[in-house]
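Working through the structure, step by step
Listed below, chain by chain, are the residues.
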Amino acid sequence: MANRKSAGGTAQAVEALVRPVVEAMGLCIWDVRFEKEGPDWFLRIYLDGGRPLDMEACEAATRAINPVLDEADPISQSYYLEVGSPGLGRRLTRDEHFTAKRGEKVRAHLIRADETGRREVAGTLLGKEGTAVRLALEDGTEALLDTKLVSDFRLCDDEDLFD
C-alpha cells in the first residue's frame, strides 16, 4: 500500500488507526511521519499528553499500537516503528499546534532570507490565519509569515536549559 500511497497518505491512514488506542491511554497524537532515510523507512508516531512522556509511557504506547498496525497492515513494505515524544523544540505543523501554543515563543526558519537578510524569525506566537502565522517580535513589531516561505516552525522551549 505504501508504494501506491504517498508518505503523507500513509501517515494519515496510520493516524486514523492508532488515534483511538492512543487517546484511550490519555495521550494525543502530536504528529505521524512516514519517512525514508537512506534505504530504510521509518514510521514515527509522536505523542503528547500534557506531561513529560517517559520511556515507560512510550513503551506502553508501542505495545498498544503494534497489534493494531499488525492487524490492519496499512504498510506493505518493511519499516521501523518509533514511538516517542516530540520533545523540546518541537515542530509546529498542524493548525491545532498553532492554536495550542499561542502565547509561546517560536522560531521560524525561512527557506530564503527575507528583505532584511534574516533567515530566522523568533517571537511570541499570536496565531495562524489561513496560510500565515503572526508573531509578536521583541522590538514591538509583528511579523506575518507565509507558511510556504518557512521550512519549519519550532517551539523555543529549550532556550533556558543551559543558563
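Now for a look at the structure at hand. (Residues numbered from 1 in each chain as written. Predicted model: local features only at pLDDT ≥ 70, side-chain atom pairs only at ≥ 80, totals over all residues. Heavy atoms only, no water.)

**Considerations on the packing of aromatic side chains**
Rules: To pair, rings of Phe, Tyr and Trp, with the six-membered ring standing in for Trp, must have centres within 6.5 Å; the planes then decide the type, stacked if under 30 degrees apart, edge-to-face if over 60, and tilted in the middle. Here a helix means four or more residues in a row that DSSP labels H or I, a strand means two or more in a row labelled E, and each is numbered from the N terminus. Partly exposed describes any residue whose relative accessible area lies between the buried limit of under 20% and the exposed limit of over 50%, with all areas from a 1.4 Å probe on protein chains only and scaled to the type maximum.
Inspection of every chain in the model, using the stated rule, returns four aromatic pairs. An angle of 85 degrees between the planes, with centres 5.3 Å apart, marks the rings of Phe 98 and Phe 153 as edge-to-face. Placement of the pair is Phe 98 in helix H3 (residues 95-100) and Phe 153 in strand E9 (residues 150-155), with a sequence separation of 55 residues. The burial state of Phe 98 is the same as that of Phe 153; both residues are buried. Through a chain of ring-to-ring contacts, three or more aromatic side chains come together here, namely Phe 34, Trp 41 and Tyr 79.

**A few points about the sheet that holds strand E7 (residues 132-136)**
Hydrogen bonds between backbone groups are what pair the strands of a sheet, and the pairing can be parallel or antiparallel. The following threshold applies: Pairing between strands is defined by DSSP: at least two bridges between them are needed.
Pairing within the open sheet is antiparallel, and its six strands lie in the order E4-E9-E5-E6-E7-E8. Every interior strand has two partners, whereas the edge strands, strand E4 (91-92) and strand E8 (142-146), have only one. Bridge analysis of E7 against E8 gives five bridges, and the strand direction is antiparallel. Along E8, the bridge assignment pairs Arg 134 with Leu 144.

**Regarding the nonpolar core**
Quick note on the threshold: Only buried residues count toward a nonpolar core, which is a set of Ala, Val, Leu, Ile, Met, Phe, Trp, Tyr and Cys residues joined through side-chain atoms within 4.5 Å. Whether two residues touch is decided by their heavy atoms; if any such pair falls within 4.5 Å, the residues are in contact.
Val 14, Val 18, Val 32, Leu 43, Ile 45, Leu 47 and Ile 65 are the most contacted members of the largest nonpolar core, which has 19 residues in total. Elements supplying a minimum of two residues to this core: helix H1 (7-24), strand E1 (28-37), strand E2 (40-48) and helix H2 (55-72). The residues contacting Val 32, other than those within four sequence positions of it, are Ala 11, Val 14, Glu 15, Leu 43, Arg 44, Ile 45 and Arg 94. Of all hydrophobic cores here, the second largest spans 17 residues; its members include Val 121, Leu 135, Ala 143 and Phe 153.

In short, the description is geometric, and any link to function would need to be established separately.
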